[in-house]
Amino acid sequence: MLRVGYPESIPEELLRDLFDGVELVCIPEHLDHEIHIDVWIPDPYTNRALRAWPWLRGVRLVLAMLAGTEWIPQVVGPHVTICNARGAHNISTAEWTVAAILAMLKYFPLYNDIQREGRWKRRFELPPHYAAISGDTRPLYPPVMLEELTGKRVLLVGHGAIGKEIERMLAPFDVQLTRMARRARPEDSVHSVTELDSLLPNAEIIVLIVPSTDETRGLIGSKQFALMRHGALLVNAARGPVVDTYALVEALQSGRIRAAIDVTDPEPLPEDHLLWSCPNIMITPHVGGSSPQFTPRALRTAAAELRRYINGEALQNIVQAAI
Ligand SMILES: NC(=O)c1ccc[n+]([C@@H]2O[C@H](COP(=O)([O-])OP(=O)(O)OC[C@H]3O[C@@H](n4cnc5c(N)ncnc54)[C@H](OP(=O)(O)O)[C@@H]3O)[C@@H](O)[C@H]2O)c1
C-alpha cells in the first residue's frame, strides 16, 4: 500500500476520508529519525518542510499544498515528481487582490490612520502626497475624497488559475481589462509579456499574479515604473522578486505611483526597511492565500492528484516531472 506522509500540523481527520486506500504516515514537526514514504505532503510553512526533508526516504511524488513551489525542486532533486495545489488559492488570493484595489481607491489605509488619531478629517485636508496621488488635476467641486474602480483600465499580468479568478471577480465593476501571460493567446485576447512596456502607460491598475521564476525576476523595475502613468496602482499578489524593491521605493517616494503588496523582497521585510515608510503603499505580510477554506481545498486537490497517480492517469498539476 502506498505510504503518504503528511505534516503533524494538519489534523488527520481532515485527510482520512479524502485519502482512502493508502497508508497515512504522520511526520512529526521535530522529526529525528528516518521515515520511508512514497508520497510527501510537505508542511505549507517552508522552514518546517525543510526540517523534515533530510529524514525522508523513498519519496517519488511531492503533493504541495501551495501554488508557489519554487523551493521544492532544488531540495528534492530531479528524480521526484512535484505537483502543486493549483486552484487552492484562487478564491482567497483573488479576493485579496480586489479588496486591496478597493482599499487603495477608497483610501482605507489613510482613513484608518486618521481614525486612530481620533480626527474628523478628509483626504484634501491631509498630507499632499495623498491629495496628489490620483493624478487627476481637474478642478473638481466638491473636492474628491475617494475614487471609483468601475470603468478603470486594468492590466492583469498573469492569466493562470488565479488571474482568471481575479478577472471573474472584477467583472461586475466593468473594468477595461487587458490580459497578459508568458505567451500570447489571441483566441482569448491574452497579450504576450513582450508587450508589457508598450501596454503599461495606458494602465491605471497593474495586477501581478505570475510565478517567481528567472524570467519574472525584476519584471517591474525602474524602466517599467517610469512608463506608468501618474497615479497608477501596482498590486503585487505574486512574489516579491517580481518587483525590483529599490525601484519601487524610488517610484513611491517620487509620489508618482501607489502600490498594494502582499509579497516583498526580502521576506519578511526587515523592521527598518525603507518600504515601510514610503507614501501611498499598503503592505500585508504574505497572507493573500490564507483562509479557513484553504487547507480542506488544498487537500482535496492533492487527493484528486493522488487518485490519478494511483490509477495511472495523467497528473494535472505537475510543476516537475521526475526524470
Ligand atoms: N499572495 C499569495 O498569498 C499567493 C497565493 C497563491 C499564489 N501566489 C502566486 O501567484 C502565482 C500564480 O498562481 P496561479 O495559480 O495563477 O499560477 P498559474 O495557473 O500557473 O498561472 C501563472 C500565470 O503566469 C504567467 N506567467 C508565467 N511566467 C510568466 C512570465 N515570464 N511573464 C508573464 N507571465 C508569466 C503564465 O503564463 P502562460 O499562461 O502563458 O503560461 C500564467 O498565465 C503563484 O506562482 C504564486 O507565486 C501568491
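Heads up: the structure comes first, above all this text.
This text gives an overview of the structure that appears in the document. Going along each chain's sequence as written, the residues are numbered from 1 onward. For a predicted model such as this one, the threshold for reporting local features is a pLDDT of at least 70, and the threshold for listing and counting side-chain atom pairs is 80 or more; totals across whole chains, interfaces and linings nevertheless cover every residue. Side-chain figures throughout are based on the complete set of non-hydrogen atoms in the structure, without hydrogens or water.

A look at the site of the ligand
Then, in step 1: Nearness is defined per residue: one heavy atom within 4 Å of the molecule or strand is enough. Of all residues adjacent to the ligand, which total 26 residues, the nearest are Arg-86, Ala-161, Ile-162, Arg-182 and Asp-262.
Then, in step 2: Here Arg-183 contributes a backbone N or O atom positioned 3.2 Å from an oxygen atom of the ligand.
Then, in step 3: In the analysis that follows, any N or O atom pair within 3.5 Å is treated as a polar contact, provided that within protein one partner can donate a hydrogen and the other can accept it, and provided that, for residues neighboring in sequence, both atoms belong to side chains. For the ligand, a nitrogen atom lies 2.9 Å from a polar atom in the side chain of Asp-262.
Then, in step 4: Where accessible areas are quoted, they stem from the Shrake-Rupley method and a 1.4 Å probe; at the residue level, only the protein chains shown are allowed to cover. Taken by itself the ligand offers 930 Å² of open surface, and the protein chains cover 89% of this.
Then, in step 5: Residues are grouped as follows: Ala, Val, Leu, Ile, Met, Phe, Trp, Tyr, Cys and Pro are nonpolar; Asp, Glu, Lys and Arg are charged; all remaining types, including Gly, are polar. Its residues placed into classes, the shell around the ligand shows 10 nonpolar, 9 polar and 7 charged.

Focus on the sheet that holds strand S6 (residues 61-63)
Sheet strands associate in pairs through backbone hydrogen bonding, adopting either a parallel or an antiparallel arrangement.
Then, in step 1: Only strands that DSSP links by at least two bridges are regarded as paired with each other. In this description a helix means any DSSP run of H or I spanning at least four residues, a strand means any run of E spanning at least two, and both kinds are numbered starting from the N terminus. Across the sheet, which stays open at both edges, the 6 strands sit in the order S2-S1-S4-S6-S7-S15 with mixed pairing between neighbours. Of all the strands in the sheet, the pair left with one neighbour each is strand S2 (23-27) and strand S15 (318-320).
Then, in step 2: Whether two residues touch is decided by their heavy atoms; if any such pair falls within 4.5 Å, the residues are in contact. Fitting a line to C-alpha atoms yields each axis, with helices limited to the stretch in contact; the angle taken between N-to-C directions then spans 0 to 180 degrees. On the sheet, helix H11 (residues 294-311) packs against strand S1 (3-7), strand S4 (39-40), S6, strand S7 (81-83) and S15 and is oriented at approximately 155 degrees with respect to S6.

Let's talk about the sheet that holds strand S11 (residues 205-208)
Then, in step 1: Read from one edge to the other, the open sheet built from 7 strands follows the order S10-S9-S8-S11-S12-S13-S14, with strand pairing classed as parallel. Each of the sheet's edge strands pairs with one partner strand only, and the pair in question is strand S10 (190-192) and strand S14 (281-283). Averaged over all neighbouring strand pairs, the angle between strand axes comes to 20 degrees, with direction disregarded.
Then, in step 2: In this structure, S11 lies alongside strand S12 (residues 233-236), joined through 4 bridges in parallel fashion. Bridging across to S12, Val-207 finds its partner in Val-235.
Then, in step 3: Contacts from helix H4 (residues 90-105) reach S11, S12, strand S13 (258-261) and S14 within the one sheet, and its direction differs from that of S13 by about 150 degrees.

With respect to unusual backbone geometry
Then, in step 1: Between Asp-265 and the following residue, Pro-266, the backbone shows a cis peptide bond with an omega angle of 10 degrees.
Then, in step 2: Relative to the elements of secondary structure, Pro-266 occurs in the loop between S13 and S14.
Then, in step 3: Put simply, Glu-267 and Pro-268 share a cis peptide bond, and its omega is -10 degrees.
Then, in step 4: Structurally, Pro-268 can be placed in the loop between S13 and S14.
Then, in step 5: Within the chain, Tyr-107 stands out as a residue other than glycine whose phi angle is a positive 60 degrees.

Don't take any of this as a statement about function, it's just geometry.
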